[in-house]
Amino acid sequence: MIHAKIPALQPEQLQVLLEQRLSPRKLDFHYLASCDSTNRYCQMLGEDSSVVVSAHQTAGRGRRGRTWISPAGTNLYASVGLEKTLRADGLGLLSLLVGVSVAEQLHDFGFTGVTLKWPNDIHFRGQ
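Described below are features of the structure shown in this document.

### Concerning the side chain of serine 79
Along the chain, the position of serine 79 falls in strand β5 (residues 77-81). There is a polar contact of 2.8 Å between the side chain of serine 79 and the side chain of threonine 38. Not counting residues up to four positions away in its chain, the partners in contact with serine 79 are Thr38, Asn39, Cys42, Ser50, Val51 and Val52.

In structure tokens:
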């Protein structure tokens, strides 16, 4: 497998970019070099507008209870806490909507070669 050269993550820069895009909403941003699960950490915070980003997860969870392999230094893992105001019958498409939105934003930032793997895995240059 060929690994694309991706610049090192700068958590402070990521937080500023997210807050600029989501203004005037203030984010409760948390960057963890490593954690068990960004999703679990985000749920523990229990706050609307929480964003948890990590470069490594030790106990990531995938869909339907599957284990999510999260090696250090190869991907970016994130969970976002939102107030749940959607109707239950609309929640099924939320994951896909988030994936499409993230892919579009990356494209707008100038990243070419961004694709989406169902339902919300973002791939950059095939990885």
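From this point, things continue past the structure.
### Some remarks on the pattern of salt bridges
Enumeration according to the criterion identifies two salt bridges in this entry. A salt bridge links lysine 117 to aspartate 121; its shortest N-O distance comes to 3.8 Å. Judged by its relative accessible area of 16%, aspartate 121 is buried.

### Topic: the sheet that holds β5
On the basis of which strands lie adjacent, the open sheet formed by three strands has the order β1-β2-β5 and mixed pairing. In this open sheet, the two strands that pair with only one neighbour each are β1 (28-32) and β5. On average, each strand axis in the sheet is inclined to that of its neighbour by 10°, with strand direction left out of account. By the bridge criterion, five bridges tie strand β2 (residues 50-54) to β5 in an arrangement that is antiparallel. Directly across from valine 52, in β5, lies its bridge partner serine 79. Here helix α2 (residues 38-45) sits on the sheet and contacts β1, β2 and β5; the angle it forms with β2, its principal contact strand, is near 155°.

### A closer look at helix α3 (residues 94-108)
Taking 1.5 Å of rise per residue, 15 residues should cover 21 Å, and α3 covers 21 Å from first to last C-alpha, within 8% of that figure. Just downstream of α3 lies glycine 110, where phi reads positive at about 100°.

### Re the pairing of β2
Counted residue by residue, β2 has five buried out of five residues, so it is predominantly covered. Because side chains alternate across β2, one face comprises the buried residues Ser50, Val52 and Ser54, and the other comprises Val51 and Val53, equally buried. Note that β1 and β2 share five bridges and pair parallel. Within the sheet, the bridge partner assigned to aspartate 28 lies in β2 and is serine 50. Taken together, β1, α2 and β2 form a β-α-β motif whose crossover is right-handed.

### What to know about unusual backbone geometry
We note that serine 49 has phi near 75°; this positive angle belongs to a residue other than glycine. For serine 49, a relative accessible area of 7% gives the class buried. Positive phi is not limited to glycine here, since arginine 125 has a value of about 55°. Checked against the element boundaries, arginine 125 lands in the segment after β7 (121-124).

### Topic: a nonpolar patch on the surface
A contiguous nonpolar patch, built from Leu86, Leu91, Leu94, Leu97, Val98 and Val102 and spanning about 480 Å² of accessible area, is present on the exposed surface. Within the secondary structure, valine 102 sits in helix α3. Overall, valine 102 belongs to the partly exposed group, its relative accessible area being 36%.

### A few points about α2
Along α2, the residues classified as buried are Thr38, Tyr41, Cys42 and Leu45. One face of α2 carries all of its buried residues, which in axial projection span an arc of 100°. Among the exposed residues of α2, those pointing more than 90 degrees away from its buried face are Gln43 and Met44. The inward-facing, buried residues of α2 contact β1, β2 and β5. Just past α2, the residue glycine 46 takes up positive phi, approximately 60°.

About the cut-offs
Residues numbered from 1 in each chain as written. Predicted model: local features only at pLDDT ≥ 70, side-chain atom pairs only at ≥ 80, totals over all residues. Heavy atoms only, no water. Helix = DSSP H or I, 4+ residues; strand = E, 2+ residues; numbered from the N terminus. Polar contact = N/O pair within 3.5 Å; in protein donor to acceptor, adjacent residues only side chain to side chain. Contact = heavy atoms within 4.5 Å. Salt bridge = Lys/Arg side-chain N within 4 Å of Asp/Glu carboxyl O. Buried < 20%, exposed > 50% of the residue type's maximum accessible area, 1.4 Å probe, protein only. Pairing = 2+ DSSP bridges. Axes fitted to C-alpha atoms, helices over the stretch in contact; angles between N-to-C directions. Expected span 1.5 Å × (residues − 1). Right-handed = clockwise from strand over helix to strand, strands pointing away. Patch = residues over 30% accessible without salt bridge, like charges linked within 9 Å, V, L, I, M, F, W, Y side chains within 5 Å. Areas by Shrake-Rupley, 256 points an atom, 1.4 Å probe, with all protein chains shown as cover. Arc of directions from axis to C-beta.

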